[in-house]
Amino acid sequence: MIQIIEKLSDVSDQYDAVFCDLWGCLHNGITPFPAAVKALEEFRDAGKTVILLTNSPRPGSSVVTQLDEMGVASDLYHDIVASGDAARAAMMSGAFGQKVYHIGPARDEGFFTGVGVEDFYQDSKVARVPLEDAEGIVCTGLFHDETETPDDYRAILLNAKNRGLALLCANPDIIVDRGEDRIYCAGALAQLYSEMGGESHYFGKPHPPIYTLAQQRLTEITGQIIDPKRILCIGDGISTDVRGALGEDMDSLFITGGLAASDTATTDQPNADQLEKFLSDAQLSPTYSIGYLR
């Protein structure tokens, strides 16, 4: 049974915390959505916990800066958990070698915060190197995501595959909407690499590491272990937010007016028949759906 709700407050009494996505839910990559901000403010003011759970390849601290610049006040949420946090921990473990080649835009430099051009951290032996010297790949996105597509990377990925390099994907999203433009993310390159026979590893939604980290942060904030059924995951990605919630035995609120706006014929709310077809094709069922977070 598809449950389309009018607003978050219709179901908020059932939950102690939300894990809320950013792109397509709280903002469009450029400006925040006022109704979404208000909904989270009301949830927070009811004494509940708001954790922003994002597939941004940047660490959470960098996402705070990004939100500040957009005008999203830091008191709206209790913490940010980014795929970049989980991915950086994996990179630091040396699982992808001590020498890595970075694929991604200059704005993702925050992923490699450190003291020099080569070294990521004071205590790290992991260094960025040219592709020909690499022992692994770290992918945070496309170099120029406004003009490039995954096909532009076939030569690089073929080289990496032939050398048996594993690829760390810091953002499993395939696409996101930045304002009115739809752009490819690191997940699109990781998907192509796998299709070419390469080895890709993911650290954001819907994969477990980011949820484990989020639940650890939630426990630290509240001082208690919250039952997963008392956590509501909010997002517009059927294959990331909804699939991830199902894998963690958490309820989900699917925002249909984001990536799936066209497929679900969403204006203010989704068309029920179109939504049912979309979910049937995806073979995934969120607990609730709504046109836009409010």
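Above this text sits the structure in question.
Not measured: the values here are computed from a predicted model.

### With respect to the packing of helix 3 (residues 83-92) against helix 6 (residues 208-222)
When two helices pack together, their arrangement is given by the angle between the helix axes and by the axis-to-axis distance.
Step number 1: Put simply, helix 3 and helix 6 touch, their axes get as near as 9 Å, and they point 110° apart. Put simply, helix 3 runs roughly perpendicular to helix 6. Residues Ser83, Asp85 and Ala86 of helix 3 pack against Pro209, Ile210, Leu213 and Arg217 of helix 6.
Step number 2: Grouping the constituent residues of the contact of helix 3 with helix 6 by class yields four nonpolar, one polar and two charged.

### Structural notes on the layout of surface pockets
Step number 1: Looking at the largest pocket, its volume works out to about 700 Å³.
Step number 2: Contributing to the lining of the largest pocket are 37 residues, with Ile175, Asp236, Gly237, Thr240 and Leu259 lying nearest its centre.
Step number 3: Secondary-structure elements contributing two or more residues to the lining of the largest pocket are strand 8 (175-178), helix 5 (186-195) and helix 7 (238-247).
Step number 4: No other element matches the four residues that helix 7 contributes to the lining of the largest pocket.
Step number 5: Looking at the lining of the largest pocket, its residues break down into 14 nonpolar, 14 polar and nine charged.
Step number 6: Empty space within the second largest pocket amounts to approximately 350 Å³.

### A look at the pattern of salt bridges
Step number 1: Tallied over the entire structure, the rule returns 18 salt bridges.
Step number 2: As a salt-bridge pair, Arg44 and Asp45 come within 2.9 Å of each other at their nearest N and O atoms.

### A word on the nonpolar core
Step number 1: Counting 35 residues, the largest nonpolar core has Leu40, Leu52, Leu253 and Leu293 as its most contacted members.
Step number 2: At the level of elements, strand 1 (17-20), helix 1 (34-45), strand 2 (49-54), helix 2 (60-70), strand 3 (79-82), strand 11 (231-235), strand 12 (251-255) and strand 13 (288-290) are the ones that each hand at least two residues to this core.
Step number 3: Top element by residues in this core is helix 1. It accounts for five residues.
Step number 4: Leave out the neighbours within four places in its chain, and Leu253 touches Ile5, Leu8, Leu232, Cys233, Ile234, Gly235, Tyr288, Ser289, Ile290 and Leu293.
Step number 5: Grouped together as the second largest cluster of nonpolar side chains are 20 residues, Ile103, Leu142, Ala160 and Leu189 included.

### Side note on the packing of helix 4 (residues 154-162) against helix 5
Step number 1: In contact at an axis separation of 10 Å, helix 4 and helix 5 are set at 50° when each is read in the N-to-C sense. Of the possible angle classes, the one that applies to helix 4 and helix 5 is oblique. Relative to helix 5, the crossing made by helix 4 is right-handed. Contacts from Arg154, Leu157, Ala160 and Lys161 in helix 4 reach Leu189, Leu192 and Tyr193 in helix 5.
Step number 2: In the contact of helix 4 with helix 5, the residues fall into five nonpolar, no polar and two charged.

### Concerning the sheet that holds strand 12
Step number 1: The strand order across the open sheet built from six strands is 3-2-1-11-12-13, with neighbouring strands paired in parallel fashion. Two strands bound the open sheet, and with one partner strand each, they are strand 3 and strand 13. Averaged over all neighbouring strand pairs, the angle between strand axes comes to 20°, with direction disregarded.
Step number 2: As judged from the four bridges shared by strand 11 and strand 12, these two strands associate in the parallel manner. Residue pairing for strand 12: Gly235 is matched across the bridge by Phe254.
Step number 3: Sitting on the sheet, helix 6 is in contact with strand 1, strand 2, strand 3 and strand 11, with an inclination near 160° to strand 2.
Step number 4: In this fold helix 7 packs onto strand 11 and strand 12, with an angle of close to 165° to the strand it touches most, strand 12.

### Notes on the pairing of strand 7 (residues 166-169)
Step number 1: Here strand 7 shows two buried faces, one formed by Ala166 and Leu168 and the other by Leu167 and Cys169.
Step number 2: Here three bridges tie strand 6 (residues 136-139) to strand 7, and the two strands are oriented parallel to one another. Directly across from Ile137, in strand 7, lies its bridge partner Leu167.
Step number 3: Since strand 6 and strand 7 lie parallel, the crossover through helix 4 that links them has a hand, and here it is right-handed.

### Side note on the sheet that holds strand 7
The strands making up a sheet are joined through hydrogen bonds of the backbone, oriented either antiparallel or parallel.
Step number 1: The strand order 5-4-6-7-10 describes an open sheet built from five strands, whose pairing is parallel. Edge positions in the open sheet fall to strand 5 (127-128) and strand 10 (199-202), since each of these has one partner strand only.
Step number 2: Examined bridge by bridge, strand 4 (residues 99-103) and strand 6 share four bridges and lie parallel to one another. Among the inter-strand pairings, Tyr101 is bridged to a residue of strand 6, identified as Ile137.

### Some details on unusual backbone geometry
What you tend to see is this: most non-glycine residues have negative phi, and most peptide bonds are trans.
Step number 1: Of note, the amide linkage connecting Lys205 to Pro206 takes the cis form, showing an omega dihedral of 10°.
Step number 2: You can see Pro206 is positioned in the loop between strand 10 and helix 6.
Step number 3: A positive phi angle, near 60°, is found at Asp249, a position not held by glycine.
Step number 4: Considering the arrangement of structural elements, one finds Asp249 in the loop between helix 7 and strand 12.
Step number 5: The phi dihedral of Ala265 is positive, around 50°, even though this residue is not glycine.
Step number 6: Mapped onto the secondary structure, Ala265 falls in the loop between strand 12 and helix 8 (272-282).

Conventions used here
- Residues numbered from 1 in each chain as written.
- Predicted model: local features only at pLDDT ≥ 70, side-chain atom pairs only at ≥ 80, totals over all residues.
- Heavy atoms only, no water.
- Axes fitted to C-alpha atoms, helices over the stretch in contact; angles between N-to-C directions.
- Helix = DSSP H or I, 4+ residues; strand = E, 2+ residues; numbered from the N terminus.
- Parallel < 35°, antiparallel > 145°, perpendicular 65-115°, else oblique.
- Contact = heavy atoms within 4.5 Å.
- Nonpolar A, V, L, I, M, F, W, Y, C, P; charged D, E, K, R; others polar.
- 1 Å grid on protein atoms, 1.4 Å probe; cavity = no way out; pocket = protein on both sides within 12 Å on 5 of 7 lines; lining within 4 Å.
- Points joined across faces, edges and corners; volume = space filled by probe spheres on them.
- Salt bridge = Lys/Arg side-chain N within 4 Å of Asp/Glu carboxyl O.
- Core = buried A, V, L, I, M, F, W, Y, C linked by side-chain atoms within 4.5 Å.
- Buried < 20%, exposed > 50% of the residue type's maximum accessible area, 1.4 Å probe, protein only.
- Left-handed = near helix turned anticlockwise from the far one by under 90°.
- Pairing = 2+ DSSP bridges.
- Right-handed = clockwise from strand over helix to strand, strands pointing away.

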